[in-house]
Amino acid sequence: MSRASSAKAHDAEPLLPVVEELGIGFVAYSPLARGFLSGAVKSREHYGAADFRQLIPWWAPENFDQNVAIVSELTKFAETRDATLAQLALAWLLAKKDSIVPIPGSRNPGRVAQNIAAVDLALTADDLAHIDAIAPTGGIGNRR
Ligand SMILES: NC(=O)c1ccc[n+]([C@@H]2O[C@H](COP(=O)([O-])OP(=O)(O)OC[C@H]3O[C@@H](n4cnc5c(N)ncnc54)[C@H](OP(=O)(O)O)[C@@H]3O)[C@@H](O)[C@H]2O)c1
């Protein structure tokens, strides 16, 4: 990868053909939706007033329950593949295009190892279609 762009992968899907045409790598930051796709998400009242999740629409009261329902379905599907939710999310990005490079953040060495192991989770076209059926447009509300 000689050059790289940085943006949100799902929102930026229309850009991917151009990225591919130009031979640019696509850096998918916050690929676990800033922890929403961690399997341990909590609603806003569990965080301080200055916490960044107070500002992210996925955590907004009108969106939160719907997003938790999506995550619950994705978690069940991940389990059928002997994977964690985080691994499924990362494998989904890796399966989309060779040029996509997810950069998950974690303070925990065990979770870093778990995230790296997502490269071994090969998703089929049927798997991707199943994930798209669960979350056709990603989460509800901008995740930022
Ligand atoms: N260029 C930009 O504008 C931009 C913007 C945002 C982010 N970034 C970069 O993107 C990278 C990742 O972003 P991010 O940290 O905001 O979001 P993220 O990778 O989407 O999510 C990180 C969160 O997921 C948790 N997590 C990670 N692996 C997990 C696992 N296997 N199971 C369960 N939970 C897991 C982490 O908790 P623990 O730490 O407790 O594991 C943390 O709360 C960072 O390097 C960040 O600097 C860049």
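Since the structure is predicted, the reported quantities are computational estimates derived from the model, not experimental observations.

A. Broad picture of the overall build of the protein chain. Regarding its fold elements, the protein chain presents five helices and three strands. Written out in order from the N terminus, the α and β elements of the protein chain read β-α-β-α-α-β-α-α. In terms of overall dimensions, the protein chain is globule-like: its C-alpha atoms have a radius of gyration of 15 Å, near the 15 Å expected for 144 residues. Along the first, second and third principal axes, the C-alpha atoms of the protein chain reach 45 × 30 × 30 Å. Classification of the 144 residues of the protein chain by burial places 40% in the buried group. For the protein chain, the accessible area works out to roughly 8200 Å², and carbon and sulfur atoms hold 56% of it. Both charge centroids of the protein chain, one from 14 positive and one from 16 negative side chains, sit 8 Å from each other.

B. How the structure looks around the site of the ligand. Surrounding the ligand, one finds 18 residues, the nearest of these being Leu-32, Ser-106, Arg-107, Arg-111 and Asn-115. Arg-34 is positioned such that a nitrogen or oxygen atom in its backbone is 2.9 Å from an oxygen atom of the ligand. One of the side-chain N or O atoms of Ser-106 is found 2.6 Å from an oxygen atom in the ligand. About the coverage of the ligand: the protein hides 68% of its 910 Å² of free accessible area. Across the shell around the ligand, the residue classes tally to seven nonpolar, eight polar and three charged.

C. Main features of the pattern of salt bridges. Evaluated as defined, the whole model comprises five salt bridges. Between Arg-53 and Asp-51 there is a salt bridge, with its nearest N and O atoms 2.8 Å apart. Salt-bridge contacts for Arg-81 lead to Asp-127; the nearest nitrogen and oxygen are separated by 2.2 Å. Of this pair, Arg-81 sits in the loop between helix 2 (61–80) and helix 3 (85–96) while Asp-127 sits in helix 5 (residues 125–134), placing them 46 residues apart in sequence. Looking at Arg-81, the relative accessible area reads 27%, which means it is partly exposed.

D. Broad picture of the pairing of strand 2 (residues 25–29). The buried fraction of strand 2 amounts to four of the five residues, a majority that puts the element mostly inside the structure. Two elements, strand 2 and strand 3 (residues 100–103), share four bridges in a ladder whose sense is parallel. Residue pairing for strand 3: Tyr-29 is matched across the bridge by Ile-103.

E. The packing of aromatic side chains, seen in detail. Counted according to the given criterion, the structure contains three aromatic pairs. Relative to Trp-58, the ring of Phe-36 has its centre 5.0 Å away and its plane inclined at 80°; by these criteria the two rings are edge-to-face. With Phe-36 in the loop between strand 2 and helix 2 and Trp-58 in the loop between strand 2 and helix 2, this residue pair connects regions lying 22 residues apart in the sequence. Pair check on accessibility: Phe-36 and Trp-58 agree, each one buried. Members of the aromatic cluster, joined through ring pairs, are Phe-36, Trp-58, Trp-59 and Phe-64. Above the face of the Tyr-47 ring, Arg-53 is positioned so that its terminal group lies 3.8 Å from the ring centre.

Rules and cut-offs
Counting restarts for each chain: residues are numbered from 1 in the order of the written sequence. With pLDDT at 70 or above as the cut-off, local features in this predicted model cover only qualifying residues; side-chain atom pairs require 80 or more to be listed or tallied, and sums for whole chains, interfaces and linings still use all residues. Neither water nor hydrogens contribute to the side-chain values; these are computed over all heavy atoms in the structure. Numbering of helices and strands runs from the N terminus, with a helix taken as a DSSP run of H or I at least four residues long and a strand as a DSSP run of E at least two residues long. Values of the radius of gyration come from C-alpha atoms, whereas the globule rule sets the reference at 2.2 Å times the count of residues to the power 0.38. Exposure categories follow from relative accessible area, calculated using a 1.4 Å probe and restricted to protein chains: below 20% of the type maximum is buried, above 50% is exposed, and the middle band is partly exposed. Computed with a 1.4 Å probe, the accessible areas rest on the Shrake-Rupley method; for each residue, only the protein chains presented here act as cover. Here the positive residues are Lys and Arg and the negative ones are Asp and Glu; neither His nor the chain ends is included. To locate a charge, take atom NZ for lysine, CZ for arginine, CG for aspartate or CD for glutamate. Residues are classed as near a molecule or strand on a simple rule: at least one heavy atom within 4 Å of it. We call two N or O atoms a polar contact when they sit within 3.5 Å, provided that within protein one can donate a hydrogen and the other can accept it, with sequence-adjacent residues counted only if both atoms are side-chain atoms. Residue polarity follows a fixed list, in which Ala, Val, Leu, Ile, Met, Phe, Trp, Tyr, Cys and Pro are nonpolar, Asp, Glu, Lys and Arg are charged, and the others, Gly among them, are polar. For this document, the term salt bridge refers to a Lys or Arg side-chain nitrogen within 4 Å of an Asp or Glu carboxyl oxygen. Pairs of strands are assigned from DSSP output, requiring at least two bridges between the strands. Only rings of Phe, Tyr and Trp enter the pairing, Trp through its six-membered ring, and a pair is recorded when the two centres are within 6.5 Å. The plane angle decides the type: under 30 degrees is stacked, over 60 is edge-to-face, the rest tilted. Only when the NZ atom of a Lys or the CZ atom of an Arg is both within 6 Å of the ring centre and within 35 degrees of the ring normal do we say a charge sits over the ring.

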